[in-house]
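Now for the letters of each chain:
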Amino acid sequence: MAQVGIILVSHSEKLTEGIQSLLEEVVGDVSVQTAGGNEEGQIGTSLDKIQNAMKNVGEAGALVFYDLGSAQMNAEMAIEMLELEHVHLSDAPIVEGAYLAAVEASVGKSVNDIRESLKNEFGKE
Amino acid sequence: MKLNATQAVNWMIKTNEKIQKQSDYLSQLDRDIGDGDHGINMARGFQAVEDTLSNEEFAEVSDVLKKTATTIMSKVGGAAGPLYGTAFQKMAMTSKGTEVDSETFSNMVEAAVEGLKQRGKSEEGEKTMIDVWSPLHDALKETSEFDGEKIREIAHSSMESTKDMVATKGRAAYLKERSKGHLDPGSVSSYYVFEALSETLEKG
């Protein structure tokens, strides 16, 4: 069965790359897409970049983690615009949340199971 | 009031002129209580709006606002991108297939306010652009006919009222009481949007 993907949305490209390599190193077998920084790669967020990161989500779905205000708003908007029903925005802290989700995704848990785990661990999905 | 598609394009072009002129001022306001990028983000986004709108023909106001919304969403960046993008998108949806008169415009602003609240998870009185858009809608829905000057006056006094508010949303919220005494940058740029509309309605 296809695995749940992880999408990281941050104001900083370095931050998303850092978390991505952390997850790949520690967890291994997991799909991590990133949308860090604005279109020029500077500090900011870009709706287009976020939509791109969401393009290749498989049927198992994906969880999206964000850092600050506009990352959240743009990620929400991207999900709405692409009408992705199996892609969910998580309010969990970006590093810890993505780590937990990556571990569970790597052992084949469903997107709803992972959301439940996030809720149990962080008090929010 | 009545607004046609050509006027709607002029409205956005005038908005861009004001944003370009006030870009440094907006960034200064944002440096005081935010992250300092509001001017540069808005200037980049609204220049893109003007460039896009100038090269196309539009059948109705809704089409102009829709194009504006999608351009803002992808070009403005920061929190202003999704917020302004949502506001214009809601106005476009509400005006679709209808002539824009006083009643329609009031409904458009109402939809924009709802969109802003939902997107920003915010309410009135939290020192955000909602504090310009929402009082404007309150005033518009009570009058069956209004003109540009009325829109400008309300937007202006609402913008001024954000000075004494304490921010509870966005980056400014970390400053709490210290955010008092500063105008909210998003409210100031919203004022320019409505000042531009006012001038468009007065002068065509």
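As the structure is a prediction and not an experimental result, all values here were calculated from the model. (Residues numbered from 1 in each chain as written. Chains lettered and ligands numbered in written order. Predicted model: local features only at pLDDT ≥ 70, side-chain atom pairs only at ≥ 80, totals over all residues. Heavy atoms only, no water.)

Asker: Could you give an account of the interface of chain B and chain A, with specific residues and numbers?
Answerer: Counting residues at the interface gives 15 residues for chain B, matched by 14 residues for chain A. Taking both partners together, chain B and chain A bury about 1,200 Å²; carbon and sulfur atoms supply 51% of that area. Where chain B touches chain A, the interface holds 4 salt bridges. Where chain B packs against chain A, one counts 3 residue pairs in polar contact (both at pLDDT 80 or more). (Contact = heavy atoms within 4.5 Å. Buried area = accessible area lost by both parts, 1.4 Å probe. Salt bridge = Lys/Arg side-chain N within 4 Å of Asp/Glu carboxyl O. Polar contact = N/O pair within 3.5 Å; in protein donor to acceptor, adjacent residues only side chain to side chain.)

Asker: I'd like a description of a negative patch on the surface, backed by residues and values.
Answerer: Residues and elements named next belong to chain B. Together, Glu145, Asp147, Glu153 and Glu202 give the surface a local cluster of negative charge. Note that glutamate 202 resides in helix α8 (residues 185-203). Assessed through its relative accessible area of 46%, glutamate 202 is described here as partly exposed. (Patch = residues over 30% accessible without salt bridge, like charges linked within 9 Å, V, L, I, M, F, W, Y side chains within 5 Å. Areas by Shrake-Rupley, 256 points an atom, 1.4 Å probe, with all protein chains shown as cover. Lys, Arg positive; Asp, Glu negative; His and termini not counted. Charge placed at Lys NZ, Arg CZ, Asp CG, Glu CD. Helix = DSSP H or I, 4+ residues; strand = E, 2+ residues; numbered from the N terminus. Buried < 20%, exposed > 50% of the residue type's maximum accessible area, 1.4 Å probe, protein only.)

Asker: Explain the side chain of A:Asn74 residue by residue, including any values.
Answerer: Turning to its location among the elements, A:Asn74 is positioned in helix α3 (residues 69-82). In contact with A:Asn74, other than residues within four places in its own chain, are A:Thr45, A:Leu47, A:Ile50, B:Gly78 and B:Pro82.

Asker: Describe helix α2 (residues 38-54) of chain B, and please don't skip the residues or the numbers.
Answerer: Residue and element names in this part refer to chain B. Along its 17 residues, α2 runs 24 Å from first to last C-alpha, staying within 8% of the 24 Å computed at 1.5 Å per residue. For α2, the full list of buried residues reads His38, Gly39, Asn41, Met42, Ala43, Gly45, Phe46, Ala48, Val49, Glu50 and Leu53. The elements touched by buried residues of α2 are α1 (5-33), α3 (61-75), α4 (80-95) and α8. (Expected span 1.5 Å × (residues − 1).)

Asker: Tell me about the pairing of strand β3 (residues 62-66) of chain A, residues and numbers included.
Answerer: All names here are of chain A. The buried count for β3 comes to 5 of 5 residues, which makes it a mostly enclosed element. Alternating residues of β3 divide into Ala62, Val64 and Tyr66 and Leu63 and Phe65, and every residue in both groups is buried. Taken together, the 4 bridges between β3 and strand β4 (residues 87-90) define a ladder with parallel strand orientation. Across the sheet, alanine 62 pairs through a bridge with valine 87, a residue of β4. (Pairing = 2+ DSSP bridges.)

Asker: Would you mind going over the nonpolar core in detail, with residue names and values included?
Answerer: Formed by 59 residues in total, the largest nonpolar core has its most connected members in B:Trp11, B:Phe88, B:Phe105, B:Trp133 and B:Ile151. Looking at this core, the elements that each hand over two or more residues are α1, α2, α3, α4, α5 (102-120), α6 (130-141), α7 (148-161) and α8 of chain B. In terms of residue count, the dominant contributor to this core is α1(B) (9 residues). Once residues within four sequence positions are removed from consideration, B:Phe88 is found in contact with B:Trp11, B:Met12, B:Phe46, B:Leu65, B:Thr68, B:Ala69, B:Ile72 and B:Val193. Counting 21 residues, the second largest nonpolar core, distinct from the first, contains A:Val27, A:Leu63, A:Phe65 and A:Ile94. (Core = buried A, V, L, I, M, F, W, Y, C linked by side-chain atoms within 4.5 Å.)

Asker: Could you give an account of the confidence of the model for chain A, with specific residues and numbers?
Answerer: In regions of low pLDDT, the predicted coordinates are not meant to be interpreted in detail. Looking at chain A, the pLDDT average stands at 94 and 99% of residues meet or exceed 70. When the elements of chain A are averaged for pLDDT, α3(A) gives the smallest value, 92, and β3(A) the largest, 98. (pLDDT = per-residue confidence, 0-100.)

Asker: Residues and numbers for the packing of aromatic side chains, please.
Answerer: All chains considered together, the criterion is met by 8 aromatic pairs over all chains. Through a chain of ring-to-ring contacts, the aromatic side chains of B:Trp11, B:Phe46, B:Tyr84, B:Phe88, B:Phe105, B:Trp133, B:Phe146 and B:Phe194 assemble into a single cluster. (Phe/Tyr/Trp six-rings, centres within 6.5 Å; stacked < 30°, edge-to-face > 60°.)

Asker: Give me the packing of α1(B) against α8(B): which residues, what numbers.
Answerer: Residues and elements named next belong to chain B. One way to put it is that α1 packs onto α8 with a least axis distance of 8 Å and a crossing angle of 155°. Between α1 and α8, the crossing angle belongs to the class labelled roughly antiparallel. Handedness of the α1/α8 crossing: right-handed. (Axes fitted to C-alpha atoms, helices over the stretch in contact; angles between N-to-C directions. Parallel < 35°, antiparallel > 145°, perpendicular 65-115°, else oblique. Left-handed = near helix turned anticlockwise from the far one by under 90°.)

Asker: Quick one: what's the story with the environment of B:Glu126, residue by residue and with numbers?
Answerer: All names here are of chain B. Here glutamate 126 lies in the loop between α5 and α6. Residue glutamate 126 is classed as buried on the basis of its relative accessible area, which comes to 16%. Residues glutamate 126 and glycine 170 lie 44 residues apart in sequence; the distance between their C-alpha atoms is 9.5 Å. Among the polar contacts listed, one links the side chain of glutamate 126 to the side chain of serine 122, at a separation of 2.7 Å.

Asker: Give me the lowdown on a nonpolar patch on the surface, citing residues and values where you can.
Answerer: Residues and elements named next belong to chain A. Together, Leu22, Val26, Val95, Tyr99 and Val103 line one region of the surface with nonpolar side chains, adding up to about 370 Å² of accessible area. Ranked by the residues each element gives to the nonpolar patch, the list is headed by helix α4 (residues 94-106), at 3 residues. Residue placement: tyrosine 99 occurs in helix α4.

Asker: Would you mind going over unusual backbone geometry in detail, with residue names and values included?
Answerer: A positive phi angle, close to 50°, is found at A:Glu83, a residue other than glycine. With respect to the helices and strands, the residue A:Glu83 is situated in the loop between α3 and β4. Note on A:Glu83: relative accessible area 68%, which makes it exposed. Positive phi is not limited to glycine here, since B:Lys121 has a value of about 45°. Take B:Lys121: it is sitting in the loop between α5 and α6. Relative accessible area serves as the criterion here: at 44%, B:Lys121 is assigned to the partly exposed category.

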